Amino acid sequence: MSGALTVGLVLLWGSACLWLPSPAQADLVIPGPDGAAEEARHHARSLQKRSTQAVTVEVLSVKVDCAVTSRFAHTVMTSTALNKANVSQEIFFEVELPKTAFMTNFTMDIDGQVYVGEVKEKEKAKKQYQKAVSSGQTAGLVKASGRKMETFSVSVNIAAKSNVTFVLTHEELLQRKLGQYEILTRVKPKQLVQEFQIVTNIYEPQGISYVETHATFLSNELLPLVEKTVTEKKAHIAFSPSLDQQRKCPDCDGTLIDGDFVVTYDVNRATSLGDIQIVNGYFVHFFAPPGLPRVPTNVVFVIDRSGSMSGIKMYQTREAMQAILQDLKEDDYFAIVEFDDQINCWRQTLTKATKENVTQAIQFVKQLRARGGTDINAALLRGVKLLLEDRAEKRIPERSIDMILLLTDGMPGPGETNPKKIQDNMVSANGGNTTLFSLGFGNDVDYNFLNVLSQRNKGLARRIFEGSDAVLQLKGFYEEVSSPLLSEVDLRYPDNAVDFLTNNHFSQLFNGSEIVVAGRLVDNNLDNFLVEVFAQGFEENFQVQGQSSVLDWGTIYPDEEYIFGGFTERLWAYLNIQQLLEKSKSGSQYEKANATAKALDMSLQYSFVTPLTSMVVTKPETDDGPDSPLIADKLTEEERQQAERNRPYYNSAPASPYPSYTGAISPSYFVDGDPHFIIELPDRDDALCFNINDKPGTIYNLVKDTKSGILVNGQIIGDKQIPPDGKIYTYFWRFGIIHQHLGVRMEVSTKNVLVLQDGNRVRLQWSNTTSLKGDSMDILLTKDRSLTVTLKDSVKFVILLHKVWKNHPYHRDYLGFYTLDTHLLSPSVHGLLGQFYHGIEYEVSNLRPGEVPEKPDATMYAKGHELNVTRGWQRDFRRDVKNGENVPCWFIHNNGTGIIDGDASDYIVSGLFKTV
């Protein structure tokens, strides 16, 4: 970039207005010397550490404005920055959008010149993109990001002393789940913002029954800043902290604003007909009648036990199935079919869900073990056969709903391996009588196959993501579908009054959900029209009808200058496109092509970025060349899945600014704080933690490996005096380290670092940055921050210095000890940390509410012990020595009893370099 100042600054912020859990976040980045966006993002934290003279961009404002009108959310995210430098700079703007939302607009206002994104057919945009790339210009693409998001990036060159304002808009129909709608705004500024504002306005003519709001970062000081006003049909929520109110402390630049701002609400439901709204020639019908009894279910659980399900997947499946079985109602019937290349049924008929039968079923699923192939075809056909035979023999209630819940992680085989044939076989055997829900576990599953398979059998598919919360994902999905209220729901409207109707037939209505139908009126002057709903209920058929009339929004909201009056038309278009995209995946070639063409036409007409369209943003001309495009796409689920397969665990983690940590994928083990021991286990995406409490002066053995000659001991220190709360806090303040084979002895304290090797004695001061390199040991001391020690062919560790205000009435300086790259130590390594270096086997089950709502309790099985543990978090200070980063972990109580070998007192030694 000719003449541009290559400095570093990063502003991270994010927001979304959507149904939970589809968060969005955004970055505003100025790249480092190479000008690459990716490099700038990966080294964001390191850039922040540079000289304040390099910070030449001021972030003037970050605003999130969300208007929800009859469940349809319209979100505008705006960010303004000023280039304070005397030369031009390139600024990157990055946004993570929920995959269920459609981006509708993106603009850049550069000193009054507005550049507007244009929605084009995806293939045409792709050709334009390829042309730009071939000419050496830059072009941006949307990338998958996490479970629910996709990232859109754009960069622009900003002249000296100039402003740029980025504005991004997206829209989405909020889905009702488990009785509520949720609006999430994720905010991560990472720095102070001159004007920060989140505003949510909810307009619901049906009437608002309740509104709740909370945030993960709201302290007692910030809580009063949340403004909430709720009337009968409108809610206003605003959060706008001042610059000083954002600060972590009076004299620092860190921000308190970091986390999720959540609004949940529901509407009044007074009639069985539901709510019909007619606005500007379009109508929308929301149907979720109150007070309906639950219809009993007959569910067959078809569970994959093939070899690829081994390990954590099978463990999580067993845990989820135990929880699901316990949630069955006594008027339900159920069966369990487990399969690999063989089929095994728990019982040969469905079983009533009595307490005794459920208990026996739980014992059965506890024995599930992974082995063999994946004969999905035979397993599904066996499940259908069980249901058909029991219904024919009248062993299950006549008025009940049949469903199959398939859980699998792989491709079909052995047996029938052709996905189309399996789909046809299932439809033929089922005859439209049974609803199939397919849960695809992990990245290797053929999601498109499962999605079409379920669609053709009145159900749906969902991906279950590998992670520590997979059990909750499985259980949560079952909660959504386990309480049907109606089946075969038909919503009917006068044929001569409406056209272009969205789907108006639904297999089921579940408790806590909602059916939405929209359409266009033939006569815009129509005052009312007849609406009828027919369905099958628990004891009798459901039938209701009524009239609806045009809403006068000016009367309902007389004080509002209504800016979103066309919401019914856009809601209708959004719903139509979503349904057409689903239809394009199944049926005949003609049906799929026809649905695709209609979805494309509507996407272009309403400027929605869908999987068939792209938004093209043309960058202004610079000294480097002419205008060049950037492309924003909407990824398909298959594209997202492929991206996840290509992205290993460590590539998704934030990069560290310190070379000793970058690229690390092995577990890390550390002790920091009061003193908090943490064992990170990235292969399980999890961590364990425990505290050790004893009197000041106690010395503990942390690492002892007699074979390699390594010894690490640490001594704790207490506060200067007992604080007013009476709690005694202790920290490590001194470490003794020995490597006998290398002849190394080190004493590291909060005062200095003493190194002895081969008769040489070196004292290092924390007040200086020092680097020492030798044949057997490398040392890097970063002033007042960290000491990194690499011992040849054995271990690498980092000691962090936490400096406390010297006149603090209670606290003292203390140290944190982090071990890295421990794989070369011998299997006999031990100590409070060392015993975990070669892994630990444990299982967690029976998740339940704890004393604190956000910290649930659970039962852990480890080392032959059954422990009560609590989900909480501790701090990892490697990247931010002042504030740290939260590490979610399972907390083991009572000084780690049960997770450590023996008792904590067994690790007490008599001297800093002693083994006993």
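All of these numbers come straight from a predicted model, not from anything done at the bench. (Residues numbered from 1 in each chain as written. Predicted model: local features only at pLDDT ≥ 70, side-chain atom pairs only at ≥ 80, totals over all residues. Heavy atoms only, no water.)

**Concerning the pairing of strand E4 (residues 72–83)**
With ten of twelve residues buried, E4 lies mostly within the body of the structure. In this structure, strand E3 (residues 57–69) lies alongside E4, joined through twelve bridges in antiparallel fashion. Within E4, the residue paired with Glu58 across the bridge is Leu82. From the end of E3 to the start of E4, which pair antiparallel, there are two residues, and Ser70 there has a positive phi angle of about 50°. Sheet topology note: the E4/strand E11 (residues 163–173) ladder contains eleven bridges and is antiparallel. In the strand pairing of E11, Phe72 is matched with Leu173. (Buried < 20%, exposed > 50% of the residue type's maximum accessible area, 1.4 Å probe, protein only. Helix = DSSP H or I, 4+ residues; strand = E, 2+ residues; numbered from the N terminus. Pairing = 2+ DSSP bridges.)

**A short note on the pattern of salt bridges**
Pairs can form between side chains of opposite charge whenever their charged atoms are close. Throughout the structure, instances matching the rule amount to 35 salt bridges. One salt bridge connects Glu747 with Arg734, and the closest N-O pair in it is separated by 3.1 Å. Pair noted here: Glu747 is in strand E41 (residues 744–749) and Arg734 is in strand E40 (residues 730–739), with a separation of 13 residues, a long-range link. Salt bridges sharing partners connect three or more residues here, namely Arg71, Arg176, Glu204, Asp266, Arg269 and Glu514. (Salt bridge = Lys/Arg side-chain N within 4 Å of Asp/Glu carboxyl O.)

**Some words on the sheet that holds strand E12 (residues 181–187)**
Read from one edge of the open sheet, three strands run E12-E17-E14, paired in antiparallel fashion. Both outer strands of the open sheet, E12 and strand E14 (208–215), are each paired with one neighbouring strand and no more. Going across the sheet, the axis of each strand differs from the next one's by a mean of 10°, ignoring polarity. As defined by bridge partners, E14 adjoins strand E17 (residues 259–267) across seven bridges and the pair is classed as antiparallel. Bridging across to E17, Tyr210 finds its partner in Asp266. (Axes fitted to C-alpha atoms, helices over the stretch in contact; angles between N-to-C directions.)

**Considering the packing of helix H5 (residues 312–326) against helix H10 (residues 470–481)**
Contact geometry for H5 and H10: axes closest at 9 Å, N-to-C directions at 35°. For H5 against H10, the interelement crossing comes out right-handed. Across the interface between the two elements, Gln316, Thr317, Glu319, Ala320, Ala323 and Ile324 from H5 touch Ala470, Val471, Leu474, Lys475 and Tyr478 from H10. Tallied by class, residues from the contact of H5 with H10 come to seven nonpolar, two polar and two charged. (Left-handed = near helix turned anticlockwise from the far one by under 90°. Contact = heavy atoms within 4.5 Å. Nonpolar A, V, L, I, M, F, W, Y, C, P; charged D, E, K, R; others polar.)

**Examining the state of the cysteines**
Using the criterion set out here, one finds one disulfide in the structure. Each disulfide pairs two cysteine sulfurs, and for Cys689 the partner residue is Cys889, the sulfurs being separated by 2.1 Å. Here Cys689 and Cys889 share a disulfide; its torsion about the S-S bond, 70°, makes the bridge right-handed. With Cys689 in strand E37 (residues 686–691) and Cys889 in strand E52 (residues 885–892), this pair connects stretches of sequence that are 200 residues apart. As far as the burial class goes, Cys689 and Cys889 line up, both buried. (Disulfide = S-S within 2.5 Å.)

**Some points on the environment of Glu514**
Checked against the element boundaries, Glu514 lands in the loop between strand E29 (505–510) and strand E30 (515–521). Taking the relative accessible area as the measure of exposure, Glu514 reaches 15% and is therefore buried. Separated by 227 residues in sequence, Glu514 and Phe287 place their C-alpha atoms 5.8 Å apart. Look past the residues within four positions of Glu514 in its chain and what remains in contact with it is Arg71, Arg176, Tyr181, Arg269, Phe286, Phe287, Ala288 and Leu509. There is a polar contact of 2.8 Å between the side chain of Glu514 and the side chain of Arg71. A distance of 2.8 Å separates a polar atom in the side chain of Glu514 from a polar atom in the side chain of Tyr181. (Polar contact = N/O pair within 3.5 Å; in protein donor to acceptor, adjacent residues only side chain to side chain.)

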